[in-house]
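# Residue-level structural notes
Listed here are the chains, written in short residue letters.
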Amino acid sequence: QVQLVESGGGLVQPGGSLRLSCAGSGFTFSSYTMSWYRQAPGKERELVARIFSAGGITNYADSVKGRFTISRDNAKNTVYLQMDSLKPEDTAVYYCNANHILRRLSYWGQGTQVTVSS
C-alpha cells in the first residue's frame, strides 16, 4: 500500500520559515522523482519544486527560487521542502508527489496547509 504523509505545515508570519516533510512507503522511494505542489483557494495546483531520483537535480518555480530548497533522504524515504522568507502569497495547501516516468506511476499525499499571515 503506497502512502505519502506530509507534515510540517502551519501558520507563520511573513518573513518566517517552515520545513515540510513527506514520508513515503509502499514503493521504491529512491527510484521516484519527488515533487512539491501547492494549491491556493480558487487557483490551479502548481509545481513548486522537484528533485529527480538520480543526481539530485532540482527544479523550482520562479516564484520560490532563492527562498525554497527541496532535498531528499533516500535512506529515510523522505523528501523535504525548506521554505524561507515566506510571503502571504505562499499560502496554500502543499502536496507531495512521487512520480515514476517510465512506469507512468504517480502518487499524491493528502496535503498540508501553510498559512502566511501576520
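These figures come from a predicted structure and were not determined experimentally.

## Things to note about the nonpolar core
Core analysis: the largest hydrophobic core is formed by 28 residues, its most contacted members being M34, W36, V79, L81, M83 and Y94. Broken down by secondary-structure element, the contributors of at least two residues to this core are β3 (18–25), β4 (33–39), β5 (46–51), β7 (68–73), β8 (78–83), β9 (92–100) and β11 (112–116). A total of four residues in this core trace back to one element, the largest contributor, which is β9. Residue contacts for M34: discarding those within four places in its chain leaves L4, F29, A49, R50, I51, I70, R72, V79, C96, N97 and A98.

## Side note on the environment of G66
By the secondary structure assignment, G66 is in the loop between β6 (58–60) and β7. The class for G66 is exposed, based on a relative accessible area of 84%.

## Some points on the state of the cysteines
Tallied over the full model, the rule gives one disulfide. The residue that forms a disulfide with C22 is C96, at a sulfur-sulfur distance of 2.1 Å. Linking C22 and C96, the disulfide has an S-S dihedral of approximately -80° and is accordingly described as left-handed. Here C22 is found in strand β3, whereas its partner C96 is found in strand β9, with 74 residues between them in sequence. There is no split in this pair, since C22 and C96 are both buried.

## As for the pairing of β8
Buried residues dominate β8, accounting for five of its six residues. Relative to β8, β3 runs antiparallel, the two sharing six bridges. By the bridge assignment for β8, C22 is matched with V79. With six bridges connecting them, β7 and β8 associate as antiparallel partners. Residue pairing for β8: D73 is matched across the bridge by T78. Counted along the chain from β7 to the antiparallel partner β8, the turn is four residues long, and its residue N77 has a positive phi close to 55°.

The rules behind each value
- Residues numbered from 1 in each chain as written.
- Predicted model: local features only at pLDDT ≥ 70, side-chain atom pairs only at ≥ 80, totals over all residues.
- Heavy atoms only, no water.
- Core = buried A, V, L, I, M, F, W, Y, C linked by side-chain atoms within 4.5 Å.
- Buried < 20%, exposed > 50% of the residue type's maximum accessible area, 1.4 Å probe, protein only.
- Helix = DSSP H or I, 4+ residues; strand = E, 2+ residues; numbered from the N terminus.
- Contact = heavy atoms within 4.5 Å.
- Disulfide = S-S within 2.5 Å.
- Pairing = 2+ DSSP bridges.

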